[in-house]
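Observations on chain architecture
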2 protein chains.
Amino acid sequence: MPIKIDPIVSALADTVPFVAPEETERAKGVVFKARLGANEGNFGPASAAVAAIQKAASDDIWKYCDPTAFELRQALSRRLNIDLDEVVCGPGIDGLLGLIVRIFSSPGDTILTSLGAYPTFNYHVHAYGRTLKTLPYKAFREDLEGLAQLTREQRVSIVYVSNPDNPMGTWWRADAVEAFLNAVSPNTLIILDEAYGETAPDGTLPPIDTGRPNLIRLRTFSKAYGLAGLRVGYAFGNRELVKLFHRVRDHFGVNVMAQKAALASLDATKWLAEAIEQIADGRDRIAKIARDNNLDPIASATNFVTIDCKADGDFAAGILQRLADHGVFVRKPMAPGLDRCVRISVGRKEELDHLEAVLPQVL
Amino acid sequence: MPIKIDPIVSALADTVPFVAPEETERAKGVVFKARLGANEGNFGPASAAVAAIQKAASDDIWKYCDPTAFELRQALSRRLNIDLDEVVCGPGIDGLLGLIVRIFSSPGDTILTSLGAYPTFNYHVHAYGRTLKTLPYKAFREDLEGLAQLTREQRVSIVYVSNPDNPMGTWWRADAVEAFLNAVSPNTLIILDEAYGETAPDGTLPPIDTGRPNLIRLRTFSKAYGLAGLRVGYAFGNRELVKLFHRVRDHFGVNVMAQKAALASLDATKWLAEAIEQIADGRDRIAKIARDNNLDPIASATNFVTIDCKADGDFAAGILQRLADHGVFVRKPMAPGLDRCVRISVGRKEELDHLEAVLPQVL
């Protein structure tokens, strides 16, 4: 083309991190009866969030949203017991991950993650022309010791870890995470993605210490809070790291509905406790369905259960495909060693009823 | 810092493109009585958009939004009479501008705009380490001939033009725009920002021709459609350009509310016609208020009127400041030659009543 295209973009393949269930539905001409593939909050958001949205719909949507997300950040900083300038909101963790790659690395730099971990992080790494290095999972858990060691052995700009983990649902206790944070090279920025933090057992999330000069933690309203469609997450850490986001981020990027609904959700503590209990019950039920069908559920700290189908990747892919044919949307890990599993999100009772009914036929 | 910070980000100043009125309100401890500074749709959105949001609030927000924005893109492509793969949605024009800079230029490249044009575009140019070159306005209009000539005289990756223009409200007729498109170097990507296209007189927007290999046009639901807080805009043009967005964009970046409300708004054609009429009436009223106070309104094709205060920049800045003290939020152009003006958005009747009441005291 005669116009300039940045060589990094020019060299990229035409791939997307996820194919949406809506796209599959359009292609198949059906609507999924059970939407269990994206780890959403299938029970829906807090009623306070819905009320906040309905009020904003008539009062606020014509106005540009507050570019500083002041009220939401204020509430978050109080909740986390940190300062206002130690937290920044973004359009979901996805948007924040892109910014982190852009700010804390340069083209060609090595960025480290686990083989089979969050595809959208990898997407951003490639899209900014950075070099992705991966380390396999060990026993379905991220290999924290191995990751930390690699950052000490070679120049790694960023290391990405999620705890609890997606797509496996496994987790490390806070002391193991802290040992990891201490073991990583001080030259490496650590992303600790806690998207599933709310559903994890006590003792999973390490204490907050914004004094650490190389740690950014990420949380979201897309999972336990049931607001995935609105796009709102947040990053927190040392203020010297946080202030860099404001130099490059899209300042109106967190829409007004997201800000209002997230703020209202934060106060719905009783609702959240019940939602977390429902999610735990759902995990137990999925695990039971798996065992009843002679599959092995992996213990999970998230709003999904990953199930070892005890054969190869093709076998698991076949299960996925036939579940889709029976109206069940699920996804699966793709990396060697993990790909014999399928990942099933906690859904509403009728969705899990449907799963339970069709799984024996599928197998 | 021991961790890596990309040198482009490291070199950036801590600036933001706009200070939000909410921030001024918090600093002053007041709420603006008239919000006339951000060219929003003060009459609010179509009732169909509000209804769509209220429905989505209970039904859809727990789900990730459709990353392809299929239904909205389908409706837009029909409306524009182009193919589905010739349009891409984004989180407002702001978000799309960032992507365009990222895709269609490289660090150090020269990007051309008018001196005093849209600050958020300049923000993205700097934030990606590109070099901004500016050409002054001529008689309060963008100098299309001068801009085109510059692209032929030196290597310019991108040229940015808005028509109708912000912050001046002026516009070029479609034939002048087409002459510009033809005169720009084929090596330069043209951004034609038509954020205010809906409020422009017939004959302002050139015919759509997605065959042009170097043109991307931008439109938004933030202005006439009254959905600024939701963040949804779109880019359209040659499919070879549009496909590049999908390689780097945040795929869930257009939230579910934005998709649903925009889709519903597109069908509200009768409402839109009335809104445009209200905006035209508001422009007339602002112009009359200006003339009644011995100021010179500039003819506008937008939802605001820029007013020549007929003295210097300090004088206009004083008016801005005292309007704020009287509860009126407005903004002003900052570039030499334009900075003697203030820019007043069309507001609701009570907002313009308040402006009319306080302006004589302010002067």
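Throughout what follows, the structure given in this document is the object of discussion. This is a predicted model, so every value here is computed, not measured.

Procedures and definitions
Residue indices follow the written sequence of each chain, beginning from 1 at its first position. Following the order in which they are written, the chains are lettered starting with A and the ligands numbered starting with 1. Where totals are concerned, whole chains, interfaces and linings use all residues; where local detail is concerned, this predicted model gives features only for residues with pLDDT of at least 70, and gives and counts side-chain atom pairs only at 80 or more. Excluding hydrogens and water, the side-chain values take into account all heavy atoms of the structure. Helix and strand assignments follow DSSP, with helices taken as H or I runs no shorter than four residues and strands as E runs no shorter than two, numbered in order from the N terminus. Only centres within 6.5 Å qualify two rings of Phe, Tyr or Trp (six-membered ring in Trp) as a pair; their planes then separate them into stacked at under 30 degrees, edge-to-face at over 60, and tilted for everything else. Summary of the burial criterion: residues with accessible area below 20% of their type's maximum are buried, those above 50% are exposed, and those between are partly exposed, where the area comes from a 1.4 Å probe applied to protein chains only. For a ring to carry a charge above it, either NZ of a lysine or CZ of an arginine must fall within 6 Å of the ring centroid while also lying within 35 degrees of the normal to the ring plane. Two kinds of site are reported from a 1 Å grid over the protein atoms alone, namely cavities, where a 1.4 Å probe fits but cannot get out, and pockets, open sets with protein on both sides within 12 Å along at least five of seven lines, and residues are called lining when an atom falls within 4 Å of a point. Grid points are joined across faces, edges and corners, and a volume is the space filled by probe spheres set on the points. For this scheme, ten residues count as nonpolar: Ala, Val, Leu, Ile, Met, Phe, Trp, Tyr, Cys and Pro. Four count as charged, namely Asp, Glu, Lys and Arg, and the remainder, Gly too, count as polar. Least-squares fitting of one copy onto the other uses the C-alpha atoms of those residues that reach a pLDDT of at least 70 in both copies. Any pair of residues with heavy atoms lying within 4.5 Å of one another is described as a contacting pair. Strand pairing follows a simple DSSP-based rule, namely that at least 2 bridges must link the two strands. Accessible area, probed at 1.4 Å, shrinks when two parts are joined; the buried area is that loss added up over both. In the sections that follow, a salt bridge refers to a side-chain nitrogen of Lys or Arg positioned within 4 Å of a carboxyl oxygen of Asp or Glu. Counting of polar contacts relies on pairs of N or O atoms within 3.5 Å, with two restrictions inside protein: one atom must be capable of donating a hydrogen and the other of accepting it, and residues adjacent in sequence are counted only when both atoms are side-chain atoms.

**Observations regarding unusual backbone geometry**
Residue and element names in this part refer to chain A. Cis geometry marks the peptide bond from N163 to P164, where omega comes out at -5°. As for its placement among the helices and strands, P164 is situated in the loop between β5 (158–162) and α8 (174–183). Cis geometry marks the peptide bond from N166 to P167; its omega dihedral reads 20°. Here P167 is to be found in the loop between β5 and α8.

**Some thoughts on the packing of aromatic side chains**
Enumeration over the complete set of coordinates arrives at 20 aromatic pairs over all chains. For the ring pair F121 of chain A and Y160 of chain A, a centre distance of 4.6 Å and an interplane angle of 15° mean the geometry is stacked. Of this pair, F121 of chain A sits in helix α6 (residues 119–127) while Y160 of chain A is found in strand β5, placing the two residues 39 residues apart along the sequence. For F121 of chain A, a relative accessible area of 0% corresponds to the buried category. One aromatic cluster in this structure is built from F221, Y225, Y234, F236 and W271 of chain A. One Lys or Arg, R102 of chain B, reaches over the ring of Y128 of chain A and ends 3.6 Å from the middle of that ring. Seen from the ring of W172 of chain B, R141 of chain B lies directly overhead, with NZ or CZ sitting 3.6 Å from the centre.

**A look at empty space enclosed by the protein**
If a probe as big as a water molecule is rolled over the atoms, it shows which places are left empty. Counted according to the given criterion, the structure contains 13 cavities of 30 Å³ or more. Quantified by volume, the largest cavity comes out at close to 520 Å³. In terms of lining residues, the largest cavity is bounded by 31 residues, among which P91, L99 and D250 of chain A together with P91 and D250 of chain B are the most central. Those elements that provide at least two residues to the lining of the largest cavity are β2 (87–90) and α5 (92–103) of chain A together with β2 (87–90) and α5 (92–103) of chain B. Looking at which element gives the most residues to the lining of the largest cavity, the answer is α5 of chain B, with six residues. By residue class, the composition of the lining of the largest cavity is 14 nonpolar, ten polar and seven charged. Of the pockets and cavities examined, the second largest cavity occupies roughly 310 Å³. Looking at the lining of the second largest cavity, the elements with two or more residues in it are α2 (21–28), α5 and β5 of chain A. With three residues, the top contributor of residues to the lining of the second largest cavity is α5 of chain A. Looking at the lining of the second largest cavity, its residues break down into 13 nonpolar, six polar and nine charged.

**Topic: the relation of the copies chain B and chain A**
The transformation that overlays chain B on chain A combines an axial shift of 0.0 Å with a rotation of 180°, and the residual RMSD is 0.0 Å. A rotation of that kind, with that shift, is consistent with a two-fold axis. When C-alpha positions in chain B are compared against the rotation axis, the closest is assigned to Q54 of chain B, at 2.8 Å. When you check the interface residues of chain B against chain A, 100% turn up at the interface there too, and the contact is symmetric in its surfaces.

**Let's talk about the pairing of strand β8 (residues 233–237) of chain A**
Residues and elements named next belong to chain A. Of all the five residues making up β8, five are buried; the element is thus mostly covered by neighbouring parts of the structure. Burial along β8 is two-sided: G233, A235 and G237 facing one way and Y234 and F236 facing the other are all buried. Bridging between β2 and β8 involves four bridges; their strand directions are antiparallel. Within β8, the position partnered with C89 by the bridge is Y234.

**Details of the interface of chain B and chain A**
Across the boundary between the two partners, chain B contributes 85 residues, which contact 85 residues of chain A. Taken together, the two surfaces of chain B and chain A that pack against each other cover about 6,900 Å², and 58% of this comes from carbon and sulfur. Summed over the shared surface of chain B and chain A, the number is six salt bridges. With a shortest N-O distance of 2.6 Å, D14 of chain A and R247 of chain B are connected by a salt bridge. Linking chain B with chain A are 51 residue pairs in polar contact (both at pLDDT 80 or more). At the level of elements, α1 (7–10), α2 (21–28), α3 (47–59), α5, α6 (119–127), α9 (239–248) and α10 (256–267) of chain B are the ones that each hand at least two residues to the side of chain B that touches chain A.

Purely spatial values, then, with no claim about function.
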